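Examination of the molecular architecture
Chain by chain, the residues run as shown.
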Amino acid sequence: MDNNVFITNNFDINSLHDFVEMANENDLGFNLMSHSFPYPYTEEDALFFIDQEREMGGEIFSLDLYIYFNGRIAGVIGLKDIDYLNNRAHIGYWIGKKYRNRGIATAAVGLVSNVAKTYFGMHTLYTKVLVNNIPSINVLLKNRFEISGIEKDAFFFKNIYYSAYIFNKILY
């Protein structure tokens, strides 16, 4: 893995401007298959995301980590829907446009997979990726995720349905 990539749950507030600039990509919500990802993305949106609650009753249900590359914010990766009964969690991530195609996402997925296994005792990670999002598909395949199916018409965006691959990875 790339030694210049690290993940942390401590957001460096000096990175706020760069973070907002990266998140202001008009197709980011589409690639994340999210209708709730704001565009345009403001500093208020970023601060809300950074400060949101990720634990209930002393149990973490979501973990968002910030990806840094060569000391600069490069994206976000996280686990959500952490299921301690079945030891599984959803993994999601995004990388700023100017940091893509450098192996950063691949390294970050490897790092968070280790966090999921080591610190949370997760057995399985899963996610969905739009079938035409080849870079993200490659990131997952390089991290030994397997395509376990396809969800037809999984995401409705601008009057068009899009299908998504379902990925899983057994951690141990």
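Above this text you will find the structure in question.
Conventions we followed
Residues numbered from 1 in each chain as written. Predicted model: local features only at pLDDT ≥ 70, side-chain atom pairs only at ≥ 80, totals over all residues. Heavy atoms only, no water. Core = buried A, V, L, I, M, F, W, Y, C linked by side-chain atoms within 4.5 Å. Buried < 20%, exposed > 50% of the residue type's maximum accessible area, 1.4 Å probe, protein only. Contact = heavy atoms within 4.5 Å. Helix = DSSP H or I, 4+ residues; strand = E, 2+ residues; numbered from the N terminus. Pairing = 2+ DSSP bridges. Polar contact = N/O pair within 3.5 Å; in protein donor to acceptor, adjacent residues only side chain to side chain.

Turning next to the nonpolar core. Ranked by internal contacts, the top residues of the largest apolar core, which has 49 residues, are Phe-19, Tyr-66, Ile-67, Ile-77 and Leu-79. Setting aside anything within four residues of it in sequence, one finds Leu-79 in contact with Ser-62, Leu-63, Ala-89, His-90, Ile-91, Val-112, Ala-116, Phe-120 and Leu-125. Core analysis: the next-biggest nonpolar cluster, separate from the first, contains five residues, Phe-30, Met-33, Leu-130 and Phe-155 among them.

Below, the discussion takes up the pairing of strand 6 (residues 88-95). In terms of burial, strand 6 is largely enclosed, as six of its eight residues are buried. Here strand 5 (residues 72-83) runs beside strand 6; their pairing, made up of seven bridges, is antiparallel. Bridge pairing links Leu-79 to Ile-91 in strand 6. Connecting the antiparallel pair strand 5 and strand 6 is a turn made up of four residues, with Asn-87 showing a positive phi of about 55°. Pairing analysis gives three bridges linking strand 6 to strand 7 (residues 124-130), with the strands arranged parallel. Note that in strand 7 the partner of His-90 across the bridge is Tyr-126.

Right, let's get into the side chain of Asn-143. Following the sequence through the fold, Asn-143 ends up in the loop between helix 5 (134-142) and strand 8 (146-157). At a separation of 3.2 Å, a polar atom in the side chain of Asn-143 contacts the main-chain amide nitrogen of Gly-110. Aside from chain neighbours lying at most four places away, what touches Asn-143 is Thr-106, Val-109, Gly-110 and Lys-169.

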